[in-house]
Amino acid sequence: MKKAVSILCPEKWKVNRQVKEFLTPDFVYLPISKEAKMLTKKRNVYKGDALYEYQKKTYYSPISGKIEKIVSLKQGEKENYFLKILNDFQENDHYQGVEHTTVMLTNDLKERIRNYHHHFFEDLKNCDTLVLFGLEKEPFLASQSILQEHHMDEICLFLDTLASCYHIDHIFLYFQENDQESIEAAEKILNVYPKMQMILLPPYVPYGNRSFFRQTFLSHDRAFLLSSYEVFDAFYELIKLRKKDFLYLTITGDSVKNPQVVKVKIGTVLEDVIKHCVSCKKNKMTILKNGLLAGEVVEENLVLTEDVHGIFLMKTKEIKEEKCIFCGKCNAVCPVGCNPYKMVQTKGKFHDSRCISCGLCSYVCPSHISILEKGDEK
Amino acid sequence: MMKTWVHLSYDSKRTKKILLFFLFLLFGYGFYKNGLSYFFFKMMSFSDALKPLWFVLIGIFCSAVSFLLFRKKDFYSLLIEGILVGLLPPPSFPLHWFFIYTFFFLLLARFWERKTSLIPMMLFYKVGLIGFTSLFQIGLQNVIEQTTPYYYGTIDVVLGRGLGGVGTTSIFLVVLLFGFLGSDFYYKKEISISAFFSYTFLFFLFFFLHPESYLLQDYFNPSFFFTIVLFLPRNASSPATKMAGLFYGVGVGILSYFLIHCFSIQEGAYLSLFLIYFLFLLLHFLWLLRQKKNVK
Ligand code: SF4
Ligand code: SF4
């Protein structure tokens, strides 16, 4: 077993699991660039309409409304471009999906999976085990857990159907021991799926890191790993025949009075979500995206995309870096055997390719040296 | 850019408090062993019995002056340094020389500290003291032990009757201190343990090969235990990587064994740490040079 560290989420940062919805922003913004290939000429779009292709990805409108213009937003040092869409609040779409309320759906889903050309389905042909990766990346996040709690039946149905399409005999669901809600949701329906088995792991960091998990817990290459996000996205796409247009977002931190999980439209600006969904303390805040161990400092004008799972509103503090005291704890704690100490000594010029950016080295460093940033400087 | 916002809360005050508490105990024992016990048996005058206390008071005074002059504000560190300095000299070390040496050394140490944290000042200080004691041929016994024949058994030695600095002889207290410090995440216990095992292995190897030349109580060398618990795992002057740390510890263990038992240097552990420290410092700089060349 590789090394791991137990870090618990402080009680005051635990989120309210009653999901708040904010699905009616005035505008949504989709990342775009000059190279994007437009797929529509219309200015009035429906929810789910394919708008453009950019970096081999098709972008769909998460709302119905009117395409306004391309705007630039200054985010940190960078200037990013977005397609701005004005919401008409009608939620019109070309809905072709089937309501997934009965088991009859299975056959329909099977058919759709067979006809569905998605890159990861190709690899499934050589696999004999499906693995659901239901662990949070950091102990402070709850978005995946909420998704599992609310959509476990869809997740399990999809996995089971996928397994029978590709003649896979084993499905393992991995959850964190302390994620009671996901566990209970799975227990309720597991007897329906004889191929499925639940495995619980202690809530250690970096078990929620995908590549670490793969190296550590998947002993053979023929296991196929899917996160709950991926399963749910694929399920949604196959049932509704369009991309999922919302995401679950954990908003927490020591500047938030009511930490909350929020269901928001993709493309919403963070500022709007904060204004509508949480109340903040009156102090200067630093906003971090997706984690406190290895998060990214962002601004209020962040546009929420599918890869944003958590927002941390933290009291601004000066993290004073002291000189390295050669304690060696960064090396001792690194779960993949990198040499972060060497990274510090060479002022970031050396970078270990095995690094999974879990942030544990910086977390234990008594001199508060941001070793992650040193790695990034390269 | 990725950032780590939360950090492991490290209560350095707790560690300092533990250290301070044990230094008080060690001082208490040293005071009893080298002064009060003889005073109670009327073998020593009261003023002579106070000598260990003077060592510590001078240590604290010199430390306070150097802290004040260099505007360093850390009350716990001041006390720790002051008491530690007072525990290190042999009991019969002349007080006036102790005062002069400590005063100037600590001023110099403060000056150096601002430039680098790499130098283990207390080790340098102790090695300087050893130099003094051998130059002026000052023994490690206290004045009574120097004039009166005595014999101590193994248990006595473990409890603190062995030879060493005025307050460094209680192996029992030092081992107890290791138990407490060992729970500190930032204490490099593996270095101490590797030194301990290599020393123990060598001692018992020769002990069983030549039982006629060794006494079991020779194993309990107070300076060795004091060194490996208080000086050896110091973060700034010991290797950062685990493997290098283990070699460091083993090196100190082996060299200590030879200096103590083959060259009969009672405080050889300090000297062996001093030598191995320089060796590793050299290796560290060579490593750093190579890394810099490699990444260019
Ligand atoms: S070096 Fe990379 S993998 Fe290792 S602890 Fe640091 S961030 Fe994690
Ligand atoms: S944890 Fe920090 S202080 Fe300790 S060796 Fe690593 S970089 Fe240096």
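Residues numbered from 1 in each chain as written. Chains lettered and ligands numbered in written order. Predicted model: local features only at pLDDT ≥ 70, side-chain atom pairs only at ≥ 80, totals over all residues. Heavy atoms only, no water.

### Digging into the overall build of chain B
Keep this limit in mind: Put simply, DSSP marks the helices as runs of H or I at least four residues long and the strands as runs of E at least two long, and each gets a number from the N terminus on. Note on method: radius of gyration uses C-alpha positions; expected globular size equals 2.2 Å times residues raised to 0.38. Relative accessibility thresholds used throughout: buried, under 20% of the residue-type maximum; exposed, over 50%; partly exposed, between the two (1.4 Å probe, protein chains only). Two residues qualify as a contact provided that any one of their heavy atoms is within 4.5 Å of a heavy atom in the partner residue. Only the protein chains shown count as covering a residue, and every accessible area follows the Shrake-Rupley method with a 1.4 Å probe.
Of the regular secondary structure elements, chain B holds 14 helices and one strand. Here the C-alpha atoms of chain B give a radius of gyration of 20 Å, agreeing with the 19 Å that 2.2 N^0.38 yields for 296 residues. Oriented by its inertia axes, the alpha-carbon framework of chain B measures out at about 70 × 55 × 35 Å. The 296 residues of chain B split such that 53% are buried. Sequence-distant contacts in chain B: of pairs separated by 6 or more residues, those separated by 24 or more amount to 74%. Accessible surface for chain B amounts to roughly 14,400 Å². Of this, 73% is attributable to carbon and sulfur atoms.

### A word on the site of ligand 2
Worth spelling out the cut-off: Put simply, a residue is near a molecule or strand once any heavy atom of it comes within 4 Å of that molecule or strand. Nonpolar residues are Ala, Val, Leu, Ile, Met, Phe, Trp, Tyr, Cys and Pro. Charged residues are Asp, Glu, Lys and Arg, and all others, Gly as well, are polar.
Contacts to ligand 2 come from Cys324(A), Ile325(A), Phe326(A), Cys327(A), Gly328(A), Cys330(A), Tyr341(A), Val344(A), Cys365(A), Pro366(A), Ser367(A) and Ile369(A). A class-by-class count of the residues in the shell around ligand 2 yields 10 nonpolar, two polar and no charged.

### Some details on a positive patch on the surface
Note the following rule: A residue counts toward a patch only above 30% relative accessible area and without a salt bridge, and it is joined to like-charged neighbours within 9 Å or, for Val, Leu, Ile, Met, Phe, Trp and Tyr, to nonpolar neighbours within 5 Å. Salt bridge, as applied in this entry: a Lys or Arg side-chain nitrogen positioned within 4 Å of an Asp or Glu carboxyl oxygen. Asp and Glu are treated as the negative residues and Lys and Arg as the positive ones, with His and the ends of the chain left uncounted. Throughout, a charge is located at the NZ atom of Lys, the CZ atom of Arg, the CG atom of Asp or the CD atom of Glu.
Side chains of Lys12(A), Lys257(A), Lys281(A), Lys282(A) and Lys315(A) sit close together on the surface and give a patch of like positive charge. With respect to the helices and strands, the residue Lys12(A) is situated in the loop between β1 (5-6) and β2 (16-22).

### Remarks on the sheet that holds strand β10 (residues 129-134) of chain A
Residues and elements named next belong to chain A. Let me state the cut-off plainly: Here the rule is simple: two strands pair whenever DSSP picks up at least two bridges between them. Fitting a line to C-alpha atoms yields each axis, with helices limited to the stretch in contact; the angle taken between N-to-C directions then spans 0 to 180 degrees.
Across the sheet, which stays open at both edges, the four strands sit in the order β12-β11-β10-β14 with parallel pairing between neighbours. Because the sheet does not close on itself, it has two edges, and the strands there are β12 (196-201) and β14 (223-227). For this sheet the average axis-to-axis angle between neighbouring strands, irrespective of direction, equals 25 degrees. Relative to strand β11 (residues 170-176), β10 runs parallel, the two being bridged by six bridges. Paired with Thr129 across the bridge in β11 is His170.

### Remarks on the site of ligand 1
With respect to spatial proximity, 13 residues lie near ligand 1, and among them Cys334(A), Cys355(A), Cys358(A), Gly359(A) and Cys361(A) are the closest. Along the lines of polarity and charge, the residues of the shell around ligand 1 split into 11 nonpolar, two polar and no charged.

### Things to note about unusual backbone geometry
Cis peptide bonds are those with omega within 30 degrees of zero, and the linkage from Val205(A) to Pro206(A) qualifies with 10 degrees. The backbone of Lys56(A) sits at a positive phi, close to 60 degrees, despite the residue not being glycine. By the secondary structure assignment, Lys56(A) is in the loop between β6 (50-54) and β7 (57-60). Of note in the backbone geometry, Ser264(B) takes a positive phi value of approximately 50 degrees without being a glycine. Along the polypeptide, Ser264(B) turns up in the loop between α13 (242-262) and α14 (268-295).

### With respect to the interface of chain A and chain B
The cut-off we apply is this: In this description, buried area is defined as the sum, over both parts, of the accessible area (probe of 1.4 Å) that is lost when the two are combined. Here a polar contact is taken to be a pair of N or O atoms separated by no more than 3.5 Å, where protein atoms must pair a possible hydrogen donor with a possible acceptor and residues adjacent in sequence count only if both atoms sit in side chains.
Residue-level contacts link 40 residues of chain A with 25 residues of chain B. Looking at the side of chain A facing chain B, the largest losses of area belong to Phe326(A), Lys329(A) and Tyr363(A), adding up to 19% of the total buried there. Taken together, the connections running from chain A to chain B amount to zero salt bridges. At the surface where chain A touches chain B, the tally comes to 10 residue pairs in polar contact (both at pLDDT 80 or more). Secondary structure elements with two or more residues in the side of chain A that touches chain B: β17 (285-289), β18 (295-298), β19 (310-315), α8 (329-333), α9 (340-345), α10 (360-364) and α11 (371-376) of chain A. Its residues placed into classes, the side of chain A that touches chain B shows 19 nonpolar, 12 polar and nine charged.

### Digging into the packing of aromatic side chains
To keep it simple, the criterion reads: Aromatic pairing here means that ring centres of Phe, Tyr or Trp (its six-membered ring) are within 6.5 Å. Orientation follows from the plane angle: under 30 degrees is stacked, over 60 is edge-to-face, and everything else is tilted. Here, over-ring charges are defined by two tests on the NZ atom of lysine or the CZ atom of arginine: distance to the ring centre within 6 Å, and angle to the ring normal within 35 degrees.
All chains considered together, the criterion is met by 65 aromatic pairs over all chains. Ring centres 5.0 Å apart and planes at 85 degrees place the aromatic pair Tyr207(A) and Phe217(A) in the edge-to-face group. Here Phe217(A) lies in helix α5 (residues 210-217) and Tyr207(A) lies in the loop between β13 (204-205) and α5, a separation of 10 residues in the sequence. Residue Tyr207(A) shares its accessibility class with Phe217(A), and that shared class is buried. Ring centres 5.4 Å apart and planes at 75 degrees place the aromatic pair Phe207(B) and Phe208(B) in the edge-to-face group. A cation over an aromatic ring shows up here: Lys329(A) above the ring of Phe185(B), its NZ or CZ 5.0 Å from the ring centre.

### Looking at the sheet that holds strand β1 (residues 2-3) of chain B
Taken in spatial order, the seven strands make up an open sheet running β2(A)-β16(A)-β15(A)-β19(A)-β17(A)-β18(A)-β1(B), and their pairing is mixed. Each having just a single partner strand, β2 of chain A together with β1 of chain B make up the two edges of the open sheet. In the sheet, strand β15 (residues 246-252) of chain A pairs with β19(A) via three bridges, with the strands oriented parallel. Each residue of the ladder has a partner; that of Thr250(A), found in β19(A), is Gly310(A). Sheet contacts for helix α7 (residues 270-277) of chain A: β2, β15, β16 (260-265), β17 and β19 of chain A; angle to β2(A), the most-contacted strand, approximately 120 degrees.

### Some details on the environment of Asn34(B)
Residues and elements named next belong to chain B. Here Asn34 lies in helix α1 (residues 12-40). A relative accessible area of 4% means that Asn34 is categorised as buried. Each C-alpha atom, one on Asn34 and one on Gly167, is 8.8 Å from the other, the two residues being 133 residues apart in sequence. Apart from the residues within four sequence positions on either side, Asn34 is in contact with Met44, Pro52, Pro91, Asn142 and Val166.

### Thoughts on a nonpolar patch on the surface
All names here are of chain B. Taken together, the side chains of Phe61, Trp97, Phe99, Ile100 and Phe104 make up a nonpolar region of the molecular surface, amounting to roughly 490 Å² of accessible area. Counting residues per element, the nonpolar patch draws most heavily on helix α5 (residues 95-113), at four residues. By the secondary structure assignment, Phe99 is in helix α5. The class for Phe99 is partly exposed, based on a relative accessible area of 32%.

### What to know about the pattern of salt bridges
All names here are of chain A. Using the criterion set out here, one finds 20 salt bridges over all chains in the structure. The shortest N-O distance in the salt bridge between Arg17 and Glu181 comes to 3.6 Å. With Arg17 in strand β2 and Glu181 in helix α4 (residues 180-190), this pair connects stretches of sequence that are 164 residues apart. Using a relative accessible area of 22% as the deciding quantity, one classes Arg17 as partly exposed. A relative accessible area of 27% places Glu181 in the partly exposed class. In this structure, Lys289 engages Glu296 in a salt bridge whose closest nitrogen and oxygen atoms are separated by 3.8 Å.

### What to know about the pairing of β19(A)
Residues and elements named next belong to chain A. Within β19, five of the six residues are buried, leaving the element largely enclosed by the surrounding structure. With five bridges joining them, β17 and β19 adopt antiparallel strand pairing. Within β19, the residue paired with Thr286 across the bridge is Met314.

### Quick look at helix α9 (residues 171-181) of chain B
Spelled out, the test is: It is the directions from the helix axis to the C-beta atoms whose arc is reported.
Among the residues of α9(B), Ile171(B), Leu173(B), Val174(B), Leu177(B) and Leu181(B) are the ones counted as buried. Along the axis of α9(B), the buried residues cluster in a sector spanning 160 degrees; they form a single face.

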